[in-house]
Amino acid sequence: MQPTFDDAWEIANGIDGWLLERQGRALFEAAGRVPHGASAVEIGSHRGKSAVLIAMGLPQDVRLTAVDPFDDPRWGGGTESLTLFQENLRRAGLSGQVDLFKGLSEEASKDWVGLPVGFLWVDGAHDLESTLKDFDGWMPHLTRGAELYVHDAFSAVGTTRAILRRFLFSPNVRYIGSERTLAKFKVEPLTLLQRLASAMGIASQLPFFARMVAIKLSRRRGLHRLERRFMREDNEPLI
Ligand SMILES: C[S@@+](CC[C@H](N)C(=O)[O-])C[C@H]1O[C@@H](n2cnc3c(N)ncnc32)[C@H](O)[C@@H]1O
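About the criteria used
- Residues numbered from 1 in each chain as written.
- Predicted model: local features only at pLDDT ≥ 70, side-chain atom pairs only at ≥ 80, totals over all residues.
- Heavy atoms only, no water.
- Patch = residues over 30% accessible without salt bridge, like charges linked within 9 Å, V, L, I, M, F, W, Y side chains within 5 Å.
- Areas by Shrake-Rupley, 256 points an atom, 1.4 Å probe, with all protein chains shown as cover.
- Salt bridge = Lys/Arg side-chain N within 4 Å of Asp/Glu carboxyl O.
- Lys, Arg positive; Asp, Glu negative; His and termini not counted.
- Charge placed at Lys NZ, Arg CZ, Asp CG, Glu CD.
- Helix = DSSP H or I, 4+ residues; strand = E, 2+ residues; numbered from the N terminus.
- Polar contact = N/O pair within 3.5 Å; in protein donor to acceptor, adjacent residues only side chain to side chain.
- Buried < 20%, exposed > 50% of the residue type's maximum accessible area, 1.4 Å probe, protein only.
- Phe/Tyr/Trp six-rings, centres within 6.5 Å; stacked < 30°, edge-to-face > 60°.
- Near = heavy atom within 4 Å.
- Nonpolar A, V, L, I, M, F, W, Y, C, P; charged D, E, K, R; others polar.
- Core = buried A, V, L, I, M, F, W, Y, C linked by side-chain atoms within 4.5 Å.
- Contact = heavy atoms within 4.5 Å.

Engineer: Please clarify how a negative patch on the surface should be interpreted in this entry.
Structural biologist: A surface patch of like charges, here negative, comprises D6, D7, E10 and E21. Its location among the elements puts D6 in helix α1 (residues 5-12).

Engineer: For this particular structure, what's the right way to read the side chain of E188?
Structural biologist: When you line up the elements, E188 lands in the loop between β7 (182-187) and α8 (192-203). Only 2.6 Å separates the side chain of E188 from the side chain of R174, close enough to count as a polar contact.

Engineer: What is the right way to read unusual backbone geometry from this model?
Structural biologist: Most of the time, phi is negative for any residue but glycine, and the peptide bond is trans. Notably, D152 is not glycine yet its phi reads approximately 60°, a positive angle. Inspection of the secondary structure puts D152 in the loop between β5 (142-150) and α7 (157-167). D152 gets classed as buried once you look at its relative accessible area, which sits at 12%. The phi dihedral of R180 falls on the positive side, at around 50°, and the residue is not glycine. Looking at the element boundaries, R180 is found in the loop between β6 (173-179) and β7. Accessibility expressed as a relative area gives 16% for R180, which makes it buried.

Engineer: Please clarify how helix α3 (residues 49-57) should be interpreted in this entry.
Structural biologist: Every α-helix carries 3.6 residues per turn, so stepping three or four residues along brings you back to the same face. For α3, the tally of buried residues reaches 9 of 9 residues, placing the bulk of the element in the interior. Listed as buried for α3 are K49, S50, A51, V52, L53, I54, A55, M56 and G57.

Engineer: Can you walk me through the packing of aromatic side chains in this structure?
Structural biologist: The relation between two aromatic rings is expressed through the spacing of the ring centres and the mutual angle of the planes. According to the stated counting rule, one finds 9 aromatic pairs in the structure shown. Ring geometry for F119 versus Y149: centroids 5.1 Å apart, planes at 90°, classification edge-to-face. Of this pair, F119 sits in strand β4 (residues 117-122) while Y149 sits in strand β5, and the two are 30 residues apart along the sequence. Here F119 and Y149 have matching classes, each one buried. Relative to F167, the ring of F135 lies with its centre 4.5 Å away and its plane at 35°, an arrangement referred to as tilted. With F135 in helix α6 (residues 128-138) and F167 in helix α7, this residue pair connects regions lying 32 residues apart in the sequence. Across the pair, exposure class does not vary: F135 and F167 are buried alike. Through a chain of ring-to-ring contacts, three or more aromatic side chains come together here, namely F135, F154, F167, Y175 and F185.

Engineer: Sorry, what's going on with the site of the ligand here?
Structural biologist: Around the ligand, the structure places 19 residues, and the nearest of them are G44, S50, D68, S105 and D123. At a separation of 2.8 Å, a nitrogen atom of the ligand approaches a polar side-chain atom of D123. Within the backbone of A125, an N or O atom sits 3.2 Å from a nitrogen atom of the ligand. Its free accessible area being 610 Å², the ligand has 94% of it covered by the protein chains. When the residues that make up the shell around the ligand are grouped by side-chain class, the tally is 8 nonpolar, 8 polar and 3 charged.

Engineer: Please explain the nonpolar core as it appears in this structure.
Structural biologist: For soluble globular proteins, nonpolar side chains are generally found buried alongside one another. Judged by nonpolar contacts, the single largest core of 35 residues is most densely connected at I54 and F119. When residues of this core are traced back to their parent elements, those giving at least two are α1, α2 (21-32), α3, β2 (64-67), α4 (79-91) and β4. No other element matches α3, which puts 6 residues into this core. Sequence-distant contacts of I54, that is, excluding residues within four places in its chain, are made with L27, A31, A40, E42, L64, F119 and W121. If you look at the next biggest cluster of nonpolar residues, it comprises 33 residues, including I43, V122, Y175 and A183.

Laid out in structure tokens, this is it:
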């Protein structure tokens, strides 16, 4: 029987990671829309929080490929992340539905011989160069109608710059909304009007982006009163 989002969240919520419940729900629901004959790919798996949500949302015969070098110290990975990732998937009964690519997104996309990708989740390194490689490497493998979700969008500077560079007036990638820092895009040919509407949607997130950057900068400098002035609520999450 297909699990519900509540089933998936109960498991994912116990795994260390960075996802709000509404973002987890967006991943779970997008996974459920991947058509038969296509696949899902995740860039950046850490300990498996998002992988569990995506894999549990996928139709039974659709597979997820999880891409992460795991033990690269540049992103805080240690040998334990791979072990914990595998353990978490095993506990959720998902080991059989998830393929692991232990390496960088750019290596995985270059050698990709899997099924066309109907859902891509981008949550790797959030600098400009890596995110551009994620977008450029995977775009040729995405199906028409694929959904492409990006984490730390309009929050991390690199991710936001990559979105502006590649998708602001894109003829084939449409902005369809955000769940805080999770931005949702759909791959499909766009008319001129749709391109303008998509650009306006992206531009509408820029005040949020400015606020996130202001909070992070004031926090980094120890300016806590200033930080609180930018926050909409106490303990406002930065994800
Ligand atoms: C924010 S964490 C991912 C969190 C995960 N999605 C979750 O739900 O817990 C970022 C991960 O991306 C991985 N990473 C960084 N650069 C990458 C790249 N170029 N390709 C694949 N994974 C990458 C890191 O090793 C790290 O585990």
